[in-house]
Structure formats: structure tokens, C-alpha cells
Amino acid sequence: MRTIFFIPLALFLFFAGLAGYMLTQEKDQTVASAMIDKSLPEFNLEPAYDGLPGASRRDFIGGEPKLLNVWASWCLPCIAEAPQLETLKERGVEIIGIAIRDKPEDVANFLARHGNPYTRIGADDISALQIEIGAAGVPETFVIDGDGNIRYQHIGDIRENDVPKLLQILEDVR
């Protein structure tokens with residue numbers, strides 16, 4: 001009868017040990033995108049504001065690989081990645097933006113305040129393209145090859161240490 005009292009203690013120790021073990025294991029933080037090596041879907045988005053043309057799938061066909069940056073003026077991590085996007089632009093990378101659920105005046109204010117690395121910005125007012133390309137949130141950045149295929153997906157804001165990796169991927173898909 002006394003052993004029945006030890007069962008809850010044994011179970012607690014087992015689960016505490018299991019939790020401790022799991023906390024010490026290496027984590028793979030890579031999210032495998034189902035869209036890698038798939039073609040961009042057909043899209044033709046109106047301009048997000050009057051300063052730049054909109055964006056379409058045709059903008060990614062032919063020529064050099066490009067970045068497709070999914071962002072929003074109301075997104076705080078998008079502010080954090082703005083200097084890295086400027087660095088990529090200065091290194092010769094063409095960046096096409098997709099503004100998610102944004103107003104033209106907010107897009108213009110964001111770009112005036114934080115810089116404009118984009119050659120085009122399409123307005124995805126209902127997040128249709130965002131969902132179709134597998135972007136779960138903002139910001140997310142995709143490397144698109146000259147044939148319009150998604151070659152890499154970067155989830156979250158681009159940090160300073162991500163710039164060399166993105167430049168290398170762009171070089172590799174040329």
C-alpha cells in the first residue's frame with residue numbers, strides 16, 4: 001500500500017527529468033518552406049503608393065535573381081531590418097517589396113523615415129499573395145531566381161549577420 005504513494009513522485013521525477021533533457025538538446029530553428037524550388041504564383045499587384053510601380057510575377061522573370069520582401073509599415077521588425085535592406089541595395093541587389101494590409105500614406109511615411117531600398121512595391125491588401133507564397137508573417141524575404149522560382153525563404157527580420165548569407169545565396173542562384 002505504501003508504494004502507491006511513490007507512484008506520483010516517480011512520475012513527477014520522470015517528467016522533470018525528461019523536460020530537463022529536452023531543454024539541453026540542440027534545436028533546429030530552420031523552418032523548411034514548402035515553396036522552395038517552386039515557381040512564384042501569377043500575381044499583379046497595384047502600387048502600394050504613388051512613388052513606385054506595383055509588382056507582378058513578370059518582374060522576376062529574366063535577368064538577375066532578386067529579393068522579394070514581404071513587409072508592412074506597422075511592423076516593428078521591418079524597421080529593424082531597414083538598414084540591412086539598404087546595405088543589400090548598395091551591394092547591387094534588386095529588392096521588390098510587397099506591402100501587407102497597408103495604406104499608401106503609411107507606406108510613404110515609412111519609406112521617408114527608414115529609407116527606400118525597393119525598386120517596386122505591390123499592395124497586398126488582403127494578404128492573398130503572402131499566403132500563396134507561404135509567408136506566415138512580416139517581415140519575410142525570398143530569393144527569387146531569374147526564372148521566377150523561389151530559391152530561399154528568410155523568416156523574420158534580416159539582421160546584419162544575415163546579409164553575407166543572402167548575398168551568397170543570390171550569387172549561387174545566378
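Every value quoted in this text rests on a predicted model; they were computed, and no experiment measured them.

Looking at the secondary structure, you find N149 in the loop between β6 (140-144) and β7 (150-155). Separated by 114 residues in sequence, N149 and M35 have C-alpha atoms that sit 8.9 Å apart. Look past the residues within four positions of N149 in its chain and what remains in contact with it is K38, S39, V143 and I144.

Glancing now at the pairing of strand β4 (residues 95-100). When you tally the buried positions in β4, you get 6 out of 6 residues, the bulk of the element. Where strand β3 (residues 66-71) meets β4, 5 bridges bridge the pair, whose relative direction is parallel. Directly across from N69, in β4, lies its bridge partner G97. Viewed along the sheet, the connection from β3 through helix α2 (residues 76-90) into β4 turns out right-handed. Summarising the sheet, β4 and strand β5 (residues 118-124) pair through 6 bridges and their orientation is parallel.

A separate point is the packing of α2 against helix α5 (residues 163-172). The contact between α2 and α5 brings their axes to 11 Å, and the two run at 40 degrees. The angle between the axes of α2 and α5 places the two elements in the oblique class. Once α2 is placed against α5, the crossing between them reads as right-handed. Across the interface between the two elements, Q84, T87 and L88 from α2 touch V163, L166 and L167 from α5. Partitioned by chemical class, the residues of the contact of α2 with α5 number 4 nonpolar, 2 polar and no charged.

One pass over the full model with this rule turns up 6 salt bridges. A salt bridge links D145 to R151; its shortest N-O distance comes to 3.2 Å. Among the salt bridges present, the one from E171 reaches R174, with a minimum N-O distance of 3.0 Å. You can call R174 exposed: its relative accessible area is 55%. Among the charged side chains, a network of salt bridges with common partners joins D37, D145 and R151.

Before going further, it helps to spend a moment on the nonpolar core. Core analysis: the largest hydrophobic core is formed by 28 residues, its most contacted members being W71, L88, V107, L111, Y118, I121 and V143. Elements represented by at least two residues in this core include exactly β3, α2, β4, α3 (104-114), β5 and α5. The element contributing the most residues to this core is α5, with 5 residues. Setting aside its immediate chain neighbours within four residues, L111 contacts Y49, W71, N116, Y118 and I121. Among the nonpolar cores identified, the runner-up in size contains 17 residues, and F43, A55, I144 and I150 belong to it.

Attention now moves to α5. Of all the residues in α5, the buried ones are V163, L166, L167, I169 and L170. The arc enclosing the buried residues of α5, seen along the axis, measures out at 160 degrees, which places them on a common side. Opposite the buried face of α5, at more than 90 degrees from it, the exposed residues are P164 and D172. Buried residues belonging to α5 abut β3, α2, β6 and β7.

The next point concerns unusual backbone geometry. Across the junction of V138 and P139, the peptide omega takes the value -5 degrees, indicating a cis bond. Relative to the elements of secondary structure, P139 occurs in the loop between α4 (128-132) and β6. For D37, which is not a glycine, the phi torsion comes out positive at approximately 70 degrees. Relative to the helices and strands, D37 resides in the loop between α1 (6-23) and β1 (44-45). You will see that S127, though not glycine, has its phi angle at about 60 degrees, which is positive.

Cut-offs applied
Residues numbered from 1 in each chain as written. Predicted model: local features only at pLDDT ≥ 70, side-chain atom pairs only at ≥ 80, totals over all residues. Heavy atoms only, no water. Helix = DSSP H or I, 4+ residues; strand = E, 2+ residues; numbered from the N terminus. Contact = heavy atoms within 4.5 Å. Buried < 20%, exposed > 50% of the residue type's maximum accessible area, 1.4 Å probe, protein only. Pairing = 2+ DSSP bridges. Right-handed = clockwise from strand over helix to strand, strands pointing away. Axes fitted to C-alpha atoms, helices over the stretch in contact; angles between N-to-C directions. Parallel < 35°, antiparallel > 145°, perpendicular 65-115°, else oblique. Left-handed = near helix turned anticlockwise from the far one by under 90°. Nonpolar A, V, L, I, M, F, W, Y, C, P; charged D, E, K, R; others polar. Salt bridge = Lys/Arg side-chain N within 4 Å of Asp/Glu carboxyl O. Core = buried A, V, L, I, M, F, W, Y, C linked by side-chain atoms within 4.5 Å. Arc of directions from axis to C-beta.

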